[in-house]
Amino acid sequence: MFKQQFSNASDACALAEAIVDTVREPLLVLDHDLRVIAASRSFYLTFAASSEAVLGKPFYELGDGAWNIPALRSWLGQMVCNTTALNDFEVEHTFPGVGPRVMRLNARQVSYTVGAHTTILLGLEDVTRQRDLARQNEELLRQKDVLLEEFQHRVGNSLAIIASIILLKARSVSSEEARRHLDDARDRVISFANIQQSLHASARSGVVALGPHFARLCQAIAQSMIADHQRIRIETRGGGKATTSEAESLGLIVTELVINSLKHAFPEDAANGLIVVSYESCGAGWTLSVSDNGTGKTQVNGRVRGGLGTGIIAALAKQLGADVTTVAGRPGTIVTVRRAAAATRTVSAGASPSAASRTREHAE
């Protein structure tokens, strides 16, 4: 049907010339010897060239030899011989009268039913702006990483200073109760510093592997809280992935529970003490548990009495849309934080606060 619209070759030629001139991107028509048969108006405008400097000239001589690239010559040569296509070949060059440009080339060979000759349609897309934007984005990302590194460094130093000040205050007070509260505050500052350091080391992509994250936290806690003569181990089992925000909340929960166990579950002369941090996920649901084989905690009226840590854990679990349950006895205590697969990530304001009352906290 399309062929029947033209009574002679001149009509088809006129249509071809109109198509070439209408194309918005620079377009060249080359013969079998890669000489320019026709060029689009946009080619002349883009490269500030005249028809006398383009028509009949070898393609590799155009633009002060900008296209005389061995890899490009090889591609075009293969296309002439094997009728292959040239896709997304990029050339970066400073063109005379135009300046630096990045051009993306695509080429197709056209064969005809009459005669053995062929022509090549060569499209040139100016992607200079896209490449400049990509470089700017890369530079902005690099600057962001530098600023984030500096921010993390400053946060770490600030937390260390705060912990040192709290320690000095704890040593200077005479009240045993005040000293205990200051020691608890210092432990929480140090734990938050450990969490920030762990997240910074593993959250470049915005997704945190929880197994290594929990392992680093527990290692830091063990180094700072388990004395050389104590026989207490902390193990981490299972794993999964979470967003940075979720990993931070889960890390705070683990830290609170592990510190609780170290402080209150084991006597000074404990032998073979063990704390296990376990995490398992299934779809959108997950289960985090922290258990120990210590002395346990006697329940009063069916509930475990809690302190500040209880409120912290309950609040964090609520943010995660999870429930907290505790099995306390002698020996050992297990605290489980569970989010069902169908649970949402947030809990309504009217949710029952009973989770807090079920949270295990050895410290009063």
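Preceding this paragraph is the structure being described.
Parameters at a glance
Residues numbered from 1 in each chain as written. Predicted model: local features only at pLDDT ≥ 70, side-chain atom pairs only at ≥ 80, totals over all residues. Heavy atoms only, no water. Helix = DSSP H or I, 4+ residues; strand = E, 2+ residues; numbered from the N terminus. Buried < 20%, exposed > 50% of the residue type's maximum accessible area, 1.4 Å probe, protein only. Contact = heavy atoms within 4.5 Å. Areas by Shrake-Rupley, 256 points an atom, 1.4 Å probe, with all protein chains shown as cover. Axes fitted to C-alpha atoms, helices over the stretch in contact; angles between N-to-C directions. Left-handed = near helix turned anticlockwise from the far one by under 90°. Nonpolar A, V, L, I, M, F, W, Y, C, P; charged D, E, K, R; others polar. Core = buried A, V, L, I, M, F, W, Y, C linked by side-chain atoms within 4.5 Å. Salt bridge = Lys/Arg side-chain N within 4 Å of Asp/Glu carboxyl O. Pairing = 2+ DSSP bridges. Expected span 1.5 Å × (residues − 1). Phe/Tyr/Trp six-rings, centres within 6.5 Å; stacked < 30°, edge-to-face > 60°.

Caption draft 1: Seen up close, the overall build of the protein chain. Within the protein chain, the regular secondary structure consists of 10 helices and 12 strands. Out of the 364 residues belonging to the protein chain, those deemed buried represent 37%. A sequence separation of at least 24 residues applies to 59% of the contacts in the protein chain between residues at least 6 apart. Put simply, the protein chain shows about 20,700 Å² of open surface, and 55% of that area lies on carbon and sulfur atoms.

Caption draft 2: View of the packing of helix α7 (residues 210–225) against helix α8 (residues 244–264). Following both chains from N to C, one finds α7 and α8 inclined at 35°, their axes separated by 10 Å at the closest point. As α7 packs across α8, the resulting crossing turns out to be right-handed. Here α7 contributes Leu210, His213, Phe214, Leu217, Cys218, Ile221 and Met225 to the contact with α8, which in turn contributes Ala247, Leu250, Gly251, Val254, Thr255, Val258, Ile259, Leu262 and Lys263. Broken down by class, the residue content of the contact of α7 with α8 amounts to 12 nonpolar, 3 polar and 1 charged.

Caption draft 3: Region of the structure containing the nonpolar core. Among the nonpolar cores identified, the biggest contains 35 residues, and Phe214, Val258 and Leu288 are the most heavily contacted of them. Breaking this core down by element, the ones donating at least two residues are α7, β7 (232–238), α8, β9 (273–282), β10 (285–292), α9 (308–319) and β12 (333–339). At 8 residues, α8 tops the list of elements feeding residues into this core. Excluding anything up to four places from it in sequence, Leu288 contacts Phe214, Leu250, Ile253, Val254, Val277, Ser278, Tyr279, Val335, Thr336 and Val337. One finds Phe59, Tyr60, Val91 and Ala107 within the second-largest nonpolar core, a separate group that totals 29 residues.

Caption draft 4: Up close: the pattern of salt bridges. Per the counting criterion, the structure on display carries 11 salt bridges. Between Arg233 and Glu235 there is a salt bridge, with its nearest N and O atoms 2.5 Å apart. Among the residues examined, Arg233 registers a relative accessible area of 45% and is labelled partly exposed. In this structure, the salt-bridge partner of Glu246 is Arg339, at a minimum N-O distance of 3.6 Å. Of the two residues, Glu246 sits in helix α8 while Arg339 sits in strand β12, which places them 93 residues apart along the sequence.

Caption draft 5: Representation of the pairing of β9. Across the 10 residues that make up β9, a large majority, 7, are buried. The pairing of β7 with β9 spans 7 bridges and is parallel. Counted as the bridge partner of Glu235 is Val276 from β9. Sheet topology places β9 next to β10; 8 bridges connect them, and they run antiparallel.

Caption draft 6: Just α8, in detail. Taking 1.5 Å per residue as the helical rise, α8 with its 21 residues ought to reach 30 Å, and the 30 Å between its terminal C-alpha atoms agrees with that figure. Of all 21 residues making up α8, 15 are buried, and the element is well covered by its neighbours.

Caption draft 7: Representation of the packing of aromatic side chains. Per the stated rule, a full pass over the model turns up 7 aromatic pairs. Ring centres of Phe43 and Tyr44 lie 6.3 Å apart, and the angle between their planes is 80°; on these two criteria the pair is classed as edge-to-face. When its relative accessible area of 18% is taken as the criterion, Tyr44 is described as buried. For the pair Phe47 and Trp67, a centre-to-centre distance of 6.0 Å together with 80° between the ring planes defines the contact as edge-to-face. With Phe47 in helix α2 (residues 41–47) and Trp67 in the loop between α3 (62–65) and α4 (70–82), this residue pair connects regions lying 20 residues apart in the sequence. Exposure remark for Phe47: the relative accessible area of 9% places this residue in the buried category. A relative accessible area of 1% means that Trp67 is categorised as buried.

Caption draft 8: Representation of the environment of Leu252 in the model. By the element assignment, Leu252 lies in helix α8. We classify Leu252 as partly exposed; its relative accessible area is 22%. Separated by 58 residues in the primary sequence, Leu252 and Asn194 place their C-alpha atoms 9.8 Å from one another.

Caption draft 9: Looking closely at the pairing of strand β5 (residues 118–126). Both strand β1 (residues 27–30) and β5 contribute to a ladder of 4 bridges, which runs antiparallel. Note that in β5 the partner of Leu30 across the bridge is Ile120. As paired elements, strand β4 (residues 99–111) and β5 share 9 bridges and run antiparallel to each other. Counterpart to Arg104 in the pairing with β5 is Glu125.

Caption draft 10: Broad picture of the sheet that holds β5. Read across the sheet, 5 strands follow the order β2-β1-β5-β4-β3 without closing on themselves; strand pairing throughout is antiparallel. In this open sheet, the two edge strands, each paired with only one partner strand, are β2 (36–39) and β3 (86–95). Across this sheet, the average inter-strand angle for adjacent strands is 25°, counted without regard to direction. In this structure, β3 lies alongside β4, joined through 8 bridges in antiparallel fashion.

Caption draft 11: Unusual backbone geometry, seen in detail. Even without glycine at this site, Ala48 takes up a positive phi of about 50°. Assignment of secondary structure puts Ala48 in the loop between α2 and α3. Unusually for a residue other than glycine, Asn272 sits at a positive phi of about 60°. Tracing the chain through its elements places Asn272 in the loop between α8 and β9.

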